[in-house]
Amino acid sequence: MSAVKTLGQFIIEKQKDFPYAKGELSRLLRDIGIAAKIVNREVNKAGLVDILGEIGTTNSHGESQKKLDVFANEQFISALTCGGECCIVVSEENDDPVYIDSEVSRDAKYIVAIDPLDGSSNIDVNVAVGTIFSIYRRKSTVGKAVVEDALQKGIEQVAAGYVVYGSSAMLVYTTGKGVNGFTLDPSIGEFCLSHPDMKIPKEGYIYSINEGNYVHFPDGVKKYIKYCQVMDKETQRPYSSRYIGSMVADLHRNIIKGGIFIYPTTASAPRGKLRLVYECNPMAFIIEQAGGRATDGFERILDKEVGSLHQRSAIFLGSENMVLKAEEMMRDFSPELGKTIEKQVSAAKESPDVTKITV
Ligand SMILES: O=P(O)(O)OC[C@H]1O[C@](O)(COP(=O)(O)O)[C@@H](O)[C@@H]1O
Ligand SMILES: [Mg+2]
Ligand SMILES: [Mg+2]
């Protein structure tokens, strides 16, 4: 039987890929792994402990916060604070940046943006949920890190990953040198390498979108859905429709099997629903590193300007050929939207209030 390789061993082994590495990023990934295990423990026994349901507060998105949203947020922030390698945490559950100002993190140079619990609507119904994280190196060099350090484009990420709390817990991450997946072995309490060098198939036969919003979709998206549903043996259509409602779980399936995930702009979410900094950018980095494609229907997600911490974006990501086909439909049937998005992004750049959800 081949020896198991734990996440910790793998991270240290890969450190040699970064000649100037001093182990800070390795320790940061270790800290994220620790918090993920604690959250997984609570997710596993969610029905037995008082962690289901709402906590009675709302976050800056106007969403009612679930107990597990808040629990997970606290676990990641405290693990990152203890670890000492993080100077700012940007979280879906905090309106403002969380500045880590402890003795150990005085010289910390990493910013972590996090969606502590993704797929909140599925918590109470025992369906897979996740965590999404994105890591940047601070740009500012003097004094304390500043909020602008957290407004870097996705292309500047040094690492990104997600944890899926499903039938088993898996942590999947990239540092820009491919994507690797680790499954938690509860008997030893370690994430073990189970999915080395993950690659998403160039072509896929699964489309993943909340068709309940169909009437609100741009024409380009409506046309693409119709394209997926047409009978055509040669292209193996109609494709299968799969939508879990947890972005992490939908993307994890698509990375393994091939497929496209789309959350477009809608009438009720004219700027898209998902957040650029801690949902779209990290997932786009992973998908591209796995050989896929990630855009907002027009522009590459990783090249998008970041005007505010909780900025939203439309997102089309997955198997390259499927995303290219969807973009073709957007160009042909919703060209105006490309221009609207451009205007929104330039407006964001002008707006001073980085915490305000402008785009
Ligand atoms: O219910 P909808 O509108 O289809 O939205 C589902 C999407 O919203 C999300 O739940 C948003 O994430 P959070 O749960 O972290 O707020 C995604 O995971 C998911 O893809
Ligand atoms: Mg989310
Ligand atoms: Mg969330």
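Each chain carries its own residue numbering, running from 1 in the written order of its sequence. Chain labels run from A onward and ligand labels from 1 onward, assigned in the order the entries are written. The model is predicted, so local features are restricted to residues of pLDDT at least 70 and side-chain atom pairs to those at 80 or more, both for listing and for counting; the totals for chains, interfaces and linings are taken over all residues. Hydrogen atoms and water are omitted, and side-chain values are computed over all heavy atoms in the structure.

**Quick notes on the coordination of the magnesium ion (ligand 2)**
Reasoning step 1: The protein atoms that coordinate the magnesium ion (ligand 2) are D115 (OD), D118 (OD) and E279 (OE), at distances spanning 1.9 to 2.1 Å.
Reasoning step 2: Here the coordinating atoms are restricted to nitrogen, oxygen and sulfur within 2.8 Å of the metal centre, or 3.2 Å for Na, K and Ca, and because water is not among them the sites may look incomplete. Here the donor residues of the magnesium ion (ligand 2) share one chain and are spaced in sequence as D-x2-D-x160-E.
Reasoning step 3: The metal-metal distance between the magnesium ion (ligand 2) and the magnesium ion (ligand 3) is 3.7 Å, with D115 serving as a donor to both. Pair noted here: D118 is in strand β5 (residues 110-118) and E279 is in helix α6 (residues 276-289), with a separation of 161 residues, a long-range link. You'll find D118 and E279 in the same group, each marked buried. Counting from the N terminus, the helices are the DSSP runs of H or I reaching at least four residues and the strands are the DSSP runs of E reaching at least two. Burial classes follow relative accessibility: with a 1.4 Å probe on protein chains only, a residue under 20% of its type's maximum area counts as buried, one over 50% as exposed, and anything between as partly exposed.

**Remarks on the domain arrangement of the chain**
Reasoning step 1: Looking at the assigned domains, one finds that the chain contains domain 1 (7-198) and domain 2 (206-350).
Reasoning step 2: For domain 1 and domain 2, the distance between their C-alpha centres works out to 24 Å.
Reasoning step 3: The interface is formed by 50 residues belonging to domain 1 together with 32 residues belonging to domain 2.
Reasoning step 4: Joining two parts hides part of their accessible area as seen by a 1.4 Å probe, and the buried area is that hidden amount summed over both. Roughly 3,000 Å² of surface becomes buried between domain 1 and domain 2 when both sides are summed, with 65% attributable to carbon and sulfur atoms.
Reasoning step 5: When the buried surface of domain 1 facing domain 2 is broken down by residue, L151, K153 and Y162 rank first, second and third, together holding 19% of it.
Reasoning step 6: A pair is scored as a salt bridge if a Lys or Arg side-chain nitrogen falls within 4 Å of a carboxyl oxygen belonging to Asp or Glu. One can count three salt bridges joining domain 1 with domain 2. Just so you know, the domain bounds were taken from an automatic or database domain assignment. Only heavy atoms matter for contacts: two residues are in contact if any of them lie within 4.5 Å across the pair.

**With respect to the pattern of salt bridges**
Reasoning step 1: Scanning the entire structure with this criterion turns up 23 salt bridges.
Reasoning step 2: K109 serves as the salt-bridge partner of E24, at 3.3 Å between the closest nitrogen and oxygen. Of this pair, E24 sits in helix α2 (residues 24-44) while K109 sits in the loop between β4 (98-99) and β5, placing them 85 residues apart in sequence.
Reasoning step 3: Residue classification places E24 among the buried residues on the basis of a relative accessible area of 17%.
Reasoning step 4: A salt bridge links E54 to K66, with the shortest nitrogen-to-oxygen separation between them at 3.9 Å. Of this pair, E54 sits in strand β1 (residues 54-58) while K66 sits in strand β2 (residues 64-66); the two residues are twelve residues apart in sequence, bridging distant segments of the chain.
Reasoning step 5: Of the residues examined, E54 reaches a relative accessible area of 46% and is grouped as partly exposed.
Reasoning step 6: Residues joined in a network through salt bridges with shared partners are E63, E92, R275 and E279.

**What about the packing of aromatic side chains?**
The description of an aromatic ring pair uses the distance of the two centres, along with the angle that the planes make with each other.
Reasoning step 1: Each Phe, Tyr or Trp ring (for Trp, its six-membered ring) is paired with any other whose centre lies within 6.5 Å, and the angle between the two planes then decides the class: stacked below 30 degrees, edge-to-face above 60, tilted in between. A complete count under the given rule lists eight aromatic pairs for this structure.
Reasoning step 2: Seen in terms of ring centroids, F10 and F182 are 5.1 Å apart; in terms of plane orientation they differ by 70°. Their pairing is edge-to-face. Of this pair, F10 sits in helix α1 (residues 7-14) while F182 sits in strand β9 (residues 179-185); the two residues are 172 residues apart in sequence, bridging distant segments of the chain. Across this residue pair, the class does not change: F10 and F182 are buried.
Reasoning step 3: Plain terms: the ring middles of Y214 and F217 are 6.4 Å apart, the flat faces sit at 70° to each other, and that makes the pair edge-to-face.
Reasoning step 4: Taking the relative accessible area as the measure of exposure, Y214 reaches 24% and is therefore partly exposed.
Reasoning step 5: Taken together, the ring pairs connect Y205, Y224, Y227 and Y239 into an aromatic cluster.
Reasoning step 6: For a lysine, the NZ atom is tested; for an arginine, the CZ atom; a charge sits over a ring if that atom is within 6 Å of the ring centre and within 35 degrees of the ring normal. Lying over the aromatic face of F18, K177 brings its terminal NZ or CZ to 5.3 Å of the ring centre.

**Details of the coordination of the magnesium ion (ligand 3)**
Reasoning step 1: On the protein side, the magnesium ion (ligand 3) has E92 (OE), D115 (OD) and L117 (O) as donor atoms, found 2.0 to 2.2 Å from it.
Reasoning step 2: The sequence pattern describing where the donors of the magnesium ion (ligand 3) fall on their chain is E-x22-D-x1-L.

**Looking at the UniProt feature "domain: Fructose-1-6-bisphosphatase class 1 C-terminal" (unreviewed entry) in the chain**
Reasoning step 1: UniProt positions are given in the numbering used here, feature names are shortened, and annotations may be inferred rather than shown by experiment. Listed under "domain: Fructose-1-6-bisphosphatase class 1 C-terminal" (unreviewed entry) in the UniProt record, and renumbered for this structure, are residues 200-330.
Reasoning step 2: Each end of residues 200-330 is marked by a C-alpha atom, and these two atoms are 23 Å apart; helix forms 36% of the span and strand 12%.

**Brief notes about the site of ligand 1**
Reasoning step 1: Lining the immediate environment of ligand 1, one finds 18 residues, of which D118, S120, Y243, M247 and Y263 sit closest.
Reasoning step 2: For ligand 1, an oxygen atom lies 3.2 Å from a polar atom in the backbone of L117.
Reasoning step 3: The protein chains hide 88% of the 470 Å² of surface that ligand 1 would expose on its own.
Reasoning step 4: Of all the elements in the fold, those that place two or more residues in the shell around ligand 1 are β5 and β13 (260-263).
Reasoning step 5: Considering every element that reaches the shell around ligand 1, the biggest residue donor is β5, with three residues.
Reasoning step 6: Considering only residue class, the shell around ligand 1 consists of six nonpolar, five polar and seven charged.
Reasoning step 7: Inspection of the shell around ligand 1 shows a minimum of three residues originating in each of domain 1 (7-198) and domain 2 (206-350). We call a residue near a molecule or strand whenever a single non-hydrogen atom of that residue lies within 4 Å of it. We define a polar contact as two N or O atoms separated by no more than 3.5 Å, with the added condition that, inside protein, one atom must be a possible hydrogen donor and the other a possible acceptor, whereas residues neighbouring each other in sequence contribute only through side-chain atom pairs. With residues, only the protein chains shown are counted as cover, and all accessible areas are computed by Shrake-Rupley using a 1.4 Å probe. Three residue categories are used. Nonpolar comprises Ala, Val, Leu, Ile, Met, Phe, Trp, Tyr, Cys and Pro, charged comprises Asp, Glu, Lys and Arg, and polar comprises the others, including Gly.

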